[in-house]
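Residues per chain are reported as follows:
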Amino acid sequence: MAQHSSNNSSHSLARLVSGKLIALGIVLIVAGIAAIASPALSTMAVTLFLGLLLAIVGALKLFHAFSIKEWGGFLWQLLIGLVELLGGLLVYFNPMKGAIAITLVIALVLMAEGIAQLGLAVRMRAQSGVVWMFLSSIVTIIVGVALAMRLPAGGIYTPGTLVGVSLLFAGWAYIAIALATRRAAA
């Protein structure tokens, strides 16, 4: 009786985990399709948002610096606030150049994400369906490298498209692992 209860518990856990992995996979696939369908819009929206956010944070740091002039870090806080405020305004009012900078950051993030996914795939190598995680990690690394190599000529369309492809592969990888987990638990 205790063995049966333990099996039901592990089966329920497998279904719960796989259900959440499938949901995550679907969200990643939908995000990937959206990024591919409107890469210029996605890139511009992110650029404008980040520029505005940087400007606000910079202004807050400037206010903070002047509110505690006695603090030993006043000058550094002032300089950091100025850099963030000016950088944020430059990105916001010149989103094309900001998009190039953001593209470089995205490329670096994708390469790091791919390496992390590769590490996860190696750790999970005994699990069925992990080949999709290996494939996803390789695609993500290649996308990051390709994106970095196309700068600045990659323009505004490349980042959204390449990120969309990466999201699609990651979504399929999570769904494949979830389905393999369900089959193994059955």
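One can find the structure itself at the top, above this paragraph.
Residues numbered from 1 in each chain as written. Predicted model: local features only at pLDDT ≥ 70, side-chain atom pairs only at ≥ 80, totals over all residues. Heavy atoms only, no water.

Summarise the layout of surface pockets; cite the residues concerned and give the values.
Considering only enclosed or pocket space, the largest pocket measures out at about 210 Å³ in volume. Every residue lining the largest pocket is counted, 12 residues in all, and those nearest its centre are Ser 42, Thr 43, Val 46, Ile 106 and Val 163. Listing elements by their share of the lining of the largest pocket, those giving two or more residues are helix H1 (2–37), helix H2 (39–67), helix H4 (95–123) and helix H6 (157–185). The greatest single-element share of the lining of the largest pocket, amounting to 4 residues, is contributed by H2. Grouping the constituent residues of the lining of the largest pocket by class yields 9 nonpolar, 3 polar and no charged. (1 Å grid on protein atoms, 1.4 Å probe; cavity = no way out; pocket = protein on both sides within 12 Å on 5 of 7 lines; lining within 4 Å. Points joined across faces, edges and corners; volume = space filled by probe spheres on them. Helix = DSSP H or I, 4+ residues; strand = E, 2+ residues; numbered from the N terminus. Nonpolar A, V, L, I, M, F, W, Y, C, P; charged D, E, K, R; others polar.)

Talk me through helix H5 (residues 131–149); I want residue IDs and the actual numbers.
Between its first and last C-alpha atoms H5 spans 27 Å; for 19 residues at 1.5 Å apiece the expected length is 27 Å, and the two agree. Among all positions of H5, only Met 133, Ser 136, Ser 137, Val 139, Thr 140, Val 143, Gly 144 and Leu 147 are buried. The arc enclosing the buried residues of H5, seen along the axis, measures out at 170°, which places them on a common side. Turned more than 90 degrees from where H5 packs its buried face, Val 131, Ile 142 and Met 149 sit exposed. (Expected span 1.5 Å × (residues − 1). Buried < 20%, exposed > 50% of the residue type's maximum accessible area, 1.4 Å probe, protein only. Arc of directions from axis to C-beta.)

Kindly report on the nonpolar core, identifying the contributing residues and their values.
By size, the foremost hydrophobic cluster in this structure holds 11 residues: Leu 21, Ile 22, Leu 28, Ala 121, Met 124, Val 130, Met 133, Ala 170, Tyr 174, Ile 177 and Ala 178. Of all the secondary structure elements, the ones that give two or more residues to this core are H1 and H6. The element that contributes the greatest number of residues to this core is H6, accounting for 4 residues. For Tyr 174, the contacting residues outside a window of four places in its chain are Leu 21, Leu 24, Gly 25, Leu 28 and Met 133. (Core = buried A, V, L, I, M, F, W, Y, C linked by side-chain atoms within 4.5 Å. Contact = heavy atoms within 4.5 Å.)

So what's going on with the environment of Ile 142? Residues and values would help.
As for its placement among the helices and strands, Ile 142 is situated in helix H5. Judged by its relative accessible area of 53%, Ile 142 is exposed. With 31 residues separating them in the primary sequence, Ile 142 and Met 111 have C-alpha atoms 7.6 Å apart.

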